[in-house]
There are 2 protein chains.
Amino acid sequence: MQKLTPKQQRVYDYIRDTLAATGAPPTRAEIARALGFASANAAQAHLRTLARKGAIELGSRRSRGIRLVGADDDVGERAANDEADAGLPVVGRVAAGEPILAIEHIERRVRIADDVFTSPADYLLTVRGDSMTGIGILDGDLLGVKSADDIRQGQIGVFRIGDEVTVKRFIQSETGDVRLRAENPDYADIQIDPTQDELVLEGLAVGIVRSIH
Amino acid sequence: MQKLTPKQQRVYDYIRDTLAATGAPPTRAEIARALGFASANAAQAHLRTLARKGAIELGSRRSRGIRLVGADDDVGERAANDEADAGLPVVGRVAAGEPILAIEHIERRVRIADDVFTSPADYLLTVRGDSMTGIGILDGDLLGVKSADDIRQGQIGVFRIGDEVTVKRFIQSETGDVRLRAENPDYADIQIDPTQDELVLEGLAVGIVRSIH
DNA sequence: TTGCATGCTGTAAATATATCCAGTTACAGC
DNA sequence: GCTGTAACTGGATATATTTACAGCATGCAA
């Protein structure tokens, strides 16, 4: 964790105090009010800086999604600052062009040991949509993803096509044409046109975790 | 603090777990999703009851304004007994008449933290067969099972009928007839004849873990 | 039988929150 | 003077969240 400026420290302290006083982290507006800012955006900028410096973690689009990861540990959290103990990051929506593991996308963490999947996952991706139900990957499932640079015929991968991230089966014909196959008869395959589409492999699917209610 | 009903306790527990897992209390919608309610209002009603009973405090018009005031003094505390360290036992085939958790059946252990599934699993069962593929439970999957004494309409459970252990959806008609529904059109439901069959509930399905090769 | 608590569904509205954009000011270092 | 960082203002917008209202079903005690 990098050193904080005095102002940043005040923001950090206010988050800690609010957590202790109310049981939940503050909103941007609350931080602004407490520190005398006229705009919540000032708080937002501070939070991003704190996140960049490793003092906090920010949940994406989550109200009060601020998590202290600095030295202080009065929330009752099991002291777990290194990734292994904190668990695998769960990634929700991924915005255009940004790296999939940007801290802003981490919604929470789930502790899954390395030996659960045959190949250890680097992170978990929340599955959206029904395009892979044919092989038991359902909407809302957590997909264990291992970063990789290449993928073989028939493997399930996480791909980025332009701005969208999708889970599909990788199919390459003898002529080199690439198709991403949906495992659901209601969905058509995605034919990749190398001159038009930019296809990026984000990683390989190594496992599934689902909670049943 | 007045005594809580089992349902209310589950809500309380979920708040505690969310606090530990994310650093902030859950929203009404998150509670509803986790406990299987279709309406956030069900959660709201529970929260008001918990507040009235003194288990929590509610902030007015405050997002995530839930505060635990029950007996738990350390919010993030998590009992780490030996079992948790060794991981959940993975049960393979179960022989006739023997208890499902007999030591002979434990093939290995897998470390999955309590907060991975909405409700913590007691053990993992290796799924055999395709009878539940319709809801994404495939042959070879590890099914998280939580021991329980009763099951409600529509829940997925692990049952023992005579000598066989099976995973099915529990359906009870108004007349009291019990059927175990396979979630695959190729398999027929199992109609339970109380005079013939001895039906034992081994536990409730709380989650799925699958390794993708 | 009546009344009451529990435990839900579903919809709508009001409000809270996060997040983006376009600027501004100040200061330190080159 | 130029560049980069820190620290803001103000406004707009999309989404998240709380909360109210109108019901329905069950079980339990008076």
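Further up the page is the structure itself.
Residues numbered from 1 in each chain as written. Chains lettered and ligands numbered in written order. Predicted model: local features only at pLDDT ≥ 70, side-chain atom pairs only at ≥ 80, totals over all residues. Heavy atoms only, no water.

### Some remarks on the protein's contact with DNA strand C
In the neighbourhood of DNA strand C, 23 residues make up the surrounding shell, with Asn41, Arg61 and Arg64 of chain A together with Lys7 and Arg52 of chain B lying closest. Here the atoms of DNA strand C within 4 Å of the protein split so that 73% fall in sugar or phosphate, with bases taking the remainder. Note that a phosphate oxygen of DNA strand C is positioned 2.9 Å from one of the side-chain N or O atoms of His46 of chain B. In this structure, a phosphate oxygen belonging to DNA strand C sits 2.7 Å away from a side-chain N or O atom of Arg52 of chain B. Breaking the surface near DNA strand C down by element, the ones donating at least two residues are helix H3 (40-52) of chain A together with helix H1 (6-22) and helix H3 (40-52) of chain B. With 4 residues, H3 of chain B is the single largest residue contributor to the surface near DNA strand C. (Near = heavy atom within 4 Å. Polar contact = N/O pair within 3.5 Å; in protein donor to acceptor, adjacent residues only side chain to side chain. Helix = DSSP H or I, 4+ residues; strand = E, 2+ residues; numbered from the N terminus.)

### Details of empty space enclosed by the protein
In this structure the tally under the stated criterion is 2 cavities of 30 Å³ or more. Computed from the structure, the largest cavity encloses a volume of approximately 100 Å³. Around the largest cavity, the lining comprises 14 residues; the ones closest to its centre are Gly59, Arg67, Ile106 and Glu107 of chain A together with Thr22 of chain B. The set of elements that each furnish at least two residues to the lining of the largest cavity consists of strand E1 (56-58), strand E2 (66-68) and strand E4 (106-110) of chain A together with H1 of chain B. With 4 residues, the top contributor of residues to the lining of the largest cavity is E4 of chain A. Across the lining of the largest cavity, the residue classes break down as 5 nonpolar, 3 polar and 6 charged. Counting contributing residues per domain, the lining of the largest cavity is built from domain 1 (6-68) and domain 2 (84-209) of chain A, each supplying no fewer than three. Empty space within the second largest cavity amounts to approximately 40 Å³. Along its surface, the second largest cavity is lined by Leu88, Ile112, Ala113, Asp114, Phe117, Pro120 and Ala121 of chain A. Residue composition of the lining of the second largest cavity, by class: 6 nonpolar, no polar and 1 charged. (1 Å grid on protein atoms, 1.4 Å probe; cavity = no way out; pocket = protein on both sides within 12 Å on 5 of 7 lines; lining within 4 Å. Points joined across faces, edges and corners; volume = space filled by probe spheres on them. Nonpolar A, V, L, I, M, F, W, Y, C, P; charged D, E, K, R; others polar. Domains from an automatic or database assignment.)

### Quick word on the layout of surface pockets
Reported here for the largest pocket is a volume of approximately 1300 Å³. As for the largest pocket, its lining consists of 41 residues, and the residues nearest its centre are Arg108, Gly140 and His213 of chain A together with Tyr14 and Arg33 of chain B. In terms of residue count, the dominant contributor to the lining of the largest pocket is H1 of chain B (5 residues). Of the residues belonging to the lining of the largest pocket, the class tally is 13 nonpolar, 12 polar and 16 charged.

### Let's talk about unusual backbone geometry
Residues and elements named next belong to chain A. At Arg64, a residue that is not glycine, the phi angle is positive and equals roughly 55°. Among the secondary structure elements, Arg64 is positioned in the loop between E1 and E2. By relative accessible area, which is 5% here, Arg64 ends up buried. (Buried < 20%, exposed > 50% of the residue type's maximum accessible area, 1.4 Å probe, protein only.)

### Comments concerning the interface of chain B and chain A
Between chain B and chain A, the contact holds 44 residues from the first and 40 residues from the second. For the pair chain B and chain A, the summed buried surface comes to about 3500 Å²; carbon and sulfur atoms form 45% of the total. Three residues, Arg62, Arg210 and Ile212 of chain B, lead the burial of chain B against chain A; their summed loss comes to 17% of the area buried on that side. At the surface where chain B touches chain A, the tally comes to 3 salt bridges. At the boundary of chain B and chain A, one finds 20 residue pairs in polar contact (both at pLDDT 80 or more). With 7 residues, strand E11 (residues 199-211) of chain B is the single largest residue contributor to the side of chain B that touches chain A. (Contact = heavy atoms within 4.5 Å. Buried area = accessible area lost by both parts, 1.4 Å probe. Salt bridge = Lys/Arg side-chain N within 4 Å of Asp/Glu carboxyl O.)

### Remarks on the pattern of salt bridges
Under the counting rule described, the total for this entry stands at 20 salt bridges over all chains. Here Asp115 of chain A ties to Arg111 of chain B by a salt bridge, and the two come within 3.8 Å at their closest N and O atoms. Here Asp115 of chain A is found in the loop between E4 and strand E5 (123-126), whereas its partner Arg111 of chain B is found in the loop between strand E4 (106-110) and strand E5 (123-126) on a different chain. Using a relative accessible area of 39% as the deciding quantity, one classes Asp115 of chain A as partly exposed.

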